[in-house]
Amino acid sequence: MVAFNKFNSFSEALAEKVHNLGSDAIKVALCAAANAPVAGNSQLSNLTEISYANVSSRAVTTSTSAQTGGTYKLVLTDLVLSATGAVGPFRYVVLYNDTATNKELIGYLDYGSDLSMVNGNSFTIDFDGAAGVMTLA
C-alpha cells in the first residue's frame, strides 16, 4: 500500500468550507519525479502535470464519506487508468478537488519511482477500501 501524504493547506481549506468530500468532484493529477509536489502546494496550478492525451478519465468515485464515533473516514473506489498510447512518466498521483474554485489540493501518493504506460496498459490506483484514503479524528 502506498502512503497518503496530505498537503499542508488541506486542513485549513477543510475548516473554511472549501471541501465537501462527500459530494465534490475529486480527480487525480499525475506528476513526474522531476516535478514532485511539495507539502506547501495548495492548488492544482502549483503543479506541473504530465500530458493526459492518452489516458482515460481521472475522475475518482467517493464510496463513503462518513464518521463513526467521532472519526471521519473517506473511502474512494479504486481508479483504473487505461492508456491509449504512451502515458508518463509519472511518480506522483495527486488528489484534488475539481469542484473547488482554485482546484485545491488534498494529498498525494508517492510510488517511489517514475512509471510509464504504453498503449493497452492499465494502472490501478489502490485506495484502501478498509482504512480509507484518509481519516480525521
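Before reading on, note that the structure itself is shown above.
Conventions used here
Residues numbered from 1 in each chain as written. Predicted model: local features only at pLDDT ≥ 70, side-chain atom pairs only at ≥ 80, totals over all residues. Heavy atoms only, no water. Pairing = 2+ DSSP bridges. Helix = DSSP H or I, 4+ residues; strand = E, 2+ residues; numbered from the N terminus. Axes fitted to C-alpha atoms, helices over the stretch in contact; angles between N-to-C directions. Polar contact = N/O pair within 3.5 Å; in protein donor to acceptor, adjacent residues only side chain to side chain. Contact = heavy atoms within 4.5 Å. Buried < 20%, exposed > 50% of the residue type's maximum accessible area, 1.4 Å probe, protein only. Lys, Arg positive; Asp, Glu negative; His and termini not counted. Salt bridge = Lys/Arg side-chain N within 4 Å of Asp/Glu carboxyl O.

Novice: Hey, could you go over the sheet that holds strand β4 (residues 62–68) for me, with residue numbers and the actual values?
Specialist: Taking strand neighbours across the sheet as the criterion, the 3 strands line up as β4-β5-β10 in an open arrangement whose pairing is antiparallel. Of all strands in the sheet, those with a lone pairing partner are β4 and β10 (134–136), marking the two edges. Mean inter-strand twist for the sheet, computed between neighbouring axes without regard to direction, equals 15 degrees. Inspection of the sheet shows β4 paired to strand β5 (residues 71–76) by 6 bridges, in the antiparallel sense. Counted as the bridge partner of Thr68 is Thr71 from β5.

Novice: So what's going on with the sheet that holds strand β1 (residues 4–6)? Which residues, and what values?
Specialist: Strands pair in a sheet through their backbones, by hydrogen bonds, and they do so in one of two ways: parallel or antiparallel. Pairing in this open sheet of 5 strands is antiparallel, and the strands run β1-β8-β7-β2-β3 from one edge to the other. Sheet topology places β1 and β3 (59–60) at the edges, where each strand pairs with a single neighbour. By the bridge criterion, 7 bridges tie strand β7 (residues 87–97) to strand β8 (residues 105–117) in an arrangement that is antiparallel. Among the inter-strand pairings, Tyr92 is bridged to a residue of β8, identified as Asp110.

Novice: Give me the lowdown on the side chain of Asn41, citing residues and values where you can.
Specialist: Turning to its location among the elements, Asn41 is positioned in the loop between β2 (26–31) and β3. At a separation of 2.8 Å, a polar atom in the side chain of Asn41 contacts the main-chain amide nitrogen of Val38. Aside from chain neighbours lying at most four places away, what touches Asn41 is Phe7, Ser9, Asn46, Leu47 and Leu105.

Novice: How would you explain unusual backbone geometry if you had to name every residue and give the values?
Specialist: With an omega dihedral of 10 degrees, the bond running from Gly88 to Pro89 counts as a cis peptide bond. Here Pro89 shows up in strand β7. With a phi angle near 55 degrees, Lys103 is a residue other than glycine that sits in the positive phi range. Tracing the backbone through its elements, the reader meets Lys103 in the loop between β7 and β8.

Novice: Can you lay out the environment of Met134 for me, pointing to particular residues and giving the numbers?
Specialist: One can find Met134 in strand β10. The exposure class assigned to Met134 is buried, which follows from its relative accessible area of 8%. For the pair Met134 and Lys6, spaced 128 residues apart in sequence, the C-alpha separation works out to 8.9 Å. Apart from the residues lying within four places of it in its own chain, the contact partners of Met134 are Phe4, Phe10, Leu21, Tyr72, Lys73, Leu74 and Ile106.

Novice: Describe the side chain of Arg58, and please don't skip the residues or the numbers.
Specialist: Mapped onto the fold, Arg58 is located in the loop between β2 and β3. In this structure Arg58 is buried but unpaired, with Glu49 as the nearest side chain of opposite charge at 4.2 Å. A polar contact of 2.6 Å, which involves the side chain of Arg58, links it to the backbone oxygen of Val28. Each residue touching Arg58, except ones within four places of it in the same chain, is listed here: Ile26, Lys27, Val28, Ala29, Glu49, Tyr52, Leu79, Leu81 and Tyr96.

Novice: Summarise the pattern of salt bridges; cite the residues concerned and give the values.
Specialist: For the structure shown, the criterion picks out 3 salt bridges. Notably, a salt bridge pairs Lys27 with Asp98, separated by 3.6 Å at the nearest N-O pair. Of this pair, Lys27 sits in strand β2 while Asp98 sits in the loop between β7 and β8; the two residues are 71 residues apart in sequence, bridging distant segments of the chain. Given a relative accessible area of 25%, Lys27 falls into the partly exposed group. Two residues, Asp98 and Lys103, come together in a salt bridge whose shortest N-O distance is 3.3 Å. Salt bridges linked by common partners bring Lys27, Asp98 and Lys103 together as one network.

Don't take any of this as a statement about function, it's just geometry.
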